Amino acid sequence: MFGTLKTLIAGANARAEENVRDHYSIELIDQKIREAEAGLKAAKYSLASLMQRERGESRQVATLEGKITDLMSRAKEALEGEREDLAAQAAQAIASMENELTLRRTTVQRLETRILQLRQSVETANRRIIDLKQGAIAARAAKKEQQIQKRLNAHVAKDTSFEEAEDLIARVLQKDDPFEQGQILKEIDSGLNQSDVADRLAEQGFGPASKSTANDVLSRLKSMS
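These numbers come from a predicted model, not from an experiment.

1. Things to note about the overall build of the protein
Then step 1. In terms of regular secondary structure, the protein is built from 7 helices and 0 strands.
Then step 2. Secondary structure elements in the protein, listed N-terminal to C-terminal, are α-α-α-α-α-α-α.
Then step 3. Sequence-distant contacts, at least 24 apart, represent 78% of the contacts inside the protein between residues at least 6 apart.
Then step 4. Carbon and sulfur atoms make up 56% of the accessible area of the protein, which totals about 18500 Å².

2. Here we look at unusual backbone geometry
Then step 1. One non-glycine residue, Glu-82, lies in the positive phi region at around 60 degrees.
Then step 2. Mapping Glu-82 onto the fold places it in the loop between α2 (25–80) and α3 (84–158).
Then step 3. In this structure Glu-82 comes out as exposed when scored by relative accessible area, which is 71%.

3. A look at the pattern of salt bridges
Then step 1. Under the defined criterion, the tally for this structure stands at 8 salt bridges.
Then step 2. A salt bridge links Glu-57 to Arg-104, with the shortest nitrogen-to-oxygen separation between them at 2.9 Å. Of this pair, Glu-57 sits in helix α2 while Arg-104 sits in helix α3, placing them 47 residues apart in sequence.
Then step 3. Sharing partners across several salt bridges, the network here consists of Glu-57, Glu-100 and Arg-104.

4. Let's talk about the side chain of Glu-57
Then step 1. Residue Glu-57 is classed as buried on the basis of its relative accessible area, which comes to 14%.
Then step 2. Polar side-chain contacts of Glu-57 include one of 2.9 Å to the side chain of Arg-104.
Then step 3. Apart from the residues within four sequence positions on either side, Glu-57 is in contact with Arg-104, Thr-107, Val-108 and Leu-111.

5. Details of the nonpolar core
Then step 1. By size, the foremost hydrophobic cluster in this structure holds 9 residues: Leu-40, Ala-43, Leu-47, Leu-50, Leu-111, Ile-115, Leu-118, Val-122 and Ile-129.
Then step 2. In terms of residues, this core owes the most to one element, α3, which gives 5 residues.

6. Looking at the confidence of the model for the protein
Low pLDDT marks stretches whose predicted atomic positions should not be read closely.
Then step 1. Chain-level statistics for the protein give a pLDDT mean of 77 and a share of 58% at 70 or above.
Then step 2. Model confidence for the protein, summarised as mean pLDDT per element, is weakest for helix α1 (residues 2–23) at 55 and strongest for α2 at 90.

7. As for the side chain of Glu-54
Then step 1. Locating Glu-54 in the fold gives a position in helix α2.
Then step 2. When sequence neighbours within four positions are dropped, the list of residues in contact with Glu-54 reads Val-108, Leu-111, Glu-112 and Ile-115.

Criteria and thresholds
Residues numbered from 1 in each chain as written. Predicted model: local features only at pLDDT ≥ 70, side-chain atom pairs only at ≥ 80, totals over all residues. Heavy atoms only, no water. Helix = DSSP H or I, 4+ residues; strand = E, 2+ residues; numbered from the N terminus. Contact = heavy atoms within 4.5 Å. Areas by Shrake-Rupley, 256 points an atom, 1.4 Å probe, with all protein chains shown as cover. Buried < 20%, exposed > 50% of the residue type's maximum accessible area, 1.4 Å probe, protein only. Salt bridge = Lys/Arg side-chain N within 4 Å of Asp/Glu carboxyl O. Polar contact = N/O pair within 3.5 Å; in protein donor to acceptor, adjacent residues only side chain to side chain. Core = buried A, V, L, I, M, F, W, Y, C linked by side-chain atoms within 4.5 Å. pLDDT = per-residue confidence, 0-100.

What follows is the structure in structure tokens.
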């Protein structure tokens, strides 16, 4: 019993949440776009920071390379001048700078790789945000059309003029023809009082007709002339 109630409550909550999401769909879309734009902005700042650091490291690499070249030249001159003591000091400094240069070059390579990845992510996010904004425009237009259609359907559903007019037309079309009905009544009455028996016999050639017809009058006129 408890499990059933729990399932029913969960289903009701899910339906309520879905209804809320449908009702505020445009507002939710706009909010998600704002969140995406905030994330893109943060990614841009991170990219700019990495690029700035990479440029600083690259400048340090260039400076070290320059110093090493200069000391190598000076150490060579010291050796040529038989000042091995000075050449040894220069060699020690050069070795230290070369170790630092190796570390900085590794750092630059790592930063370049990270910058490339983050730049691709930024470009992808930017394209997706553009697509989202275009989709939001389409969704807003569709939502407006749905609201208009919903109001129209509600108005048509409440307006009974259509049904009343259709019912009246059907009643008029289905109503019996009064003239035809009168003729049928006369036929029925004639059959009941046997007043048309003589006429039916006359039509079959048995005796004269009980009623004058236009043909009878015309025949009499011709016989008189």
